[in-house]
Amino acid sequence: MSDPRHIAIIMDGNGRWAEARGLPRVAGHKAGVETLRDIVRAAGDSGLDFLTLFAFSSENWSRPQSEVSELLGLLKLFIRRDLHKLHKSNVRVRIIGARADLAADIRALLYEAEALTAANTSLTLVIAFNYGARDELTRAMQALAQQVASGTLLPEAITPERIGAQLDTADIPDPDLIIRTSGEMRLSNFLLWQAAYSEFYFVSDYWPDFKPVQFFSAIEEYRKRVRRFGGLPEENIPEFSDKAEADIVPLRHSAG
Ligand code: FPP
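Residues numbered from 1 in each chain as written. Predicted model: local features only at pLDDT ≥ 70, side-chain atom pairs only at ≥ 80, totals over all residues. Heavy atoms only, no water.

Where helix α2 (residues 25-46) meets helix α7 (residues 212-224), the closest approach of the two axes is 9 Å, and the angle between their N-to-C directions is 45 degrees. Regarding the angle of α2 to α7, the classification is oblique. Remark: the crossing between α2 and α7 carries right-handed chirality. Listed contacts from α7 to Asp38, Ile39, Ala42, Ala43 and Ser46 of α2 are Pro212, Phe215, Phe216 and Ile219. In terms of residue class, the contact of α2 with α7 is built from seven nonpolar, one polar and one charged. (Axes fitted to C-alpha atoms, helices over the stretch in contact; angles between N-to-C directions. Helix = DSSP H or I, 4+ residues; strand = E, 2+ residues; numbered from the N terminus. Parallel < 35°, antiparallel > 145°, perpendicular 65-115°, else oblique. Left-handed = near helix turned anticlockwise from the far one by under 90°. Contact = heavy atoms within 4.5 Å. Nonpolar A, V, L, I, M, F, W, Y, C, P; charged D, E, K, R; others polar.)

Moving on, we get to helix α5 (residues 133-149). End to end, α5 covers 24 Å across 17 residues, agreeing with the expected 24 Å (1.5 Å per residue, within 8%). Of all the positions in α5, only Ala133, Glu136, Leu137, Ala140 and Leu144 are classed as buried. In an axial view of α5, the angular spread of the buried residues amounts to 95 degrees, which keeps them on one side of the axis. Seen from the buried face of α5, the exposed residues on the opposite side, beyond 90 degrees, are Arg134, Gln146 and Ala149. Considering only its buried residues, α5 is in contact with β4 (124-131) and α6 (160-166). Positioned one or two residues after α5, Gly151 has a phi angle of 85 degrees, which is positive. (Expected span 1.5 Å × (residues − 1). Buried < 20%, exposed > 50% of the residue type's maximum accessible area, 1.4 Å probe, protein only. Arc of directions from axis to C-beta.)

Here is the structure:
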């Protein structure tokens, strides 16, 4: 199996990492940002094309106000501190999620990160912020419904490709591999449409303890997987031959 082009990560367990050390939850998120930096570097070194990180879900607003502010603050700090380094490393930054709902200063930072790095050609770092897959799909359906209502789109012209092109991830390939840390084994409203044929890799470590060596192990494991996309692995697809045809003909006769 070839190398993955796109890895997406659910960075889970920051809070439990901190609680296990008697620290406030925000200490876990801060340690999580350090891991995030190491993994972005490892992804660049591995030659990966796309790395998507689930940084803040549309459901995370229900956390205590203080934790929400800390998470928003960490995102701002990350962009202010790391953007130029990422740009120098030829990393392109893309943000997915409901941007319209965010405060103006955060929106401006996100646009700045995307604009500055738009022409970069090594790794594309996709940050899922205020992202929820059901919300993304709902926004896409509303946009398509509007086109139908205005007469510019026929209902029968709605195809999986057109739906994909309406999502925040338009022109980003589907993730080949999704990693989740902290031992939880669920998707939690992350990339529901795009994960249709993704491979999954779960580790029990909390995100702050996740190391580049584990990231490389996940890639190694992915190489061993056989992806079928609902069909057959290539080497098992029977080749049409005269012999096969000859085998079939007598059967047809006997059945007739
Ligand atoms: C899950 O841990 C993690 C998050 C909700 C946020 C991840 C955020 C960061 C790594 C830092 C901020 C992001 C950027 C882009 C700088 P949890 O709080 O759900 O942990 P728990 O399940 O143990 O409570």
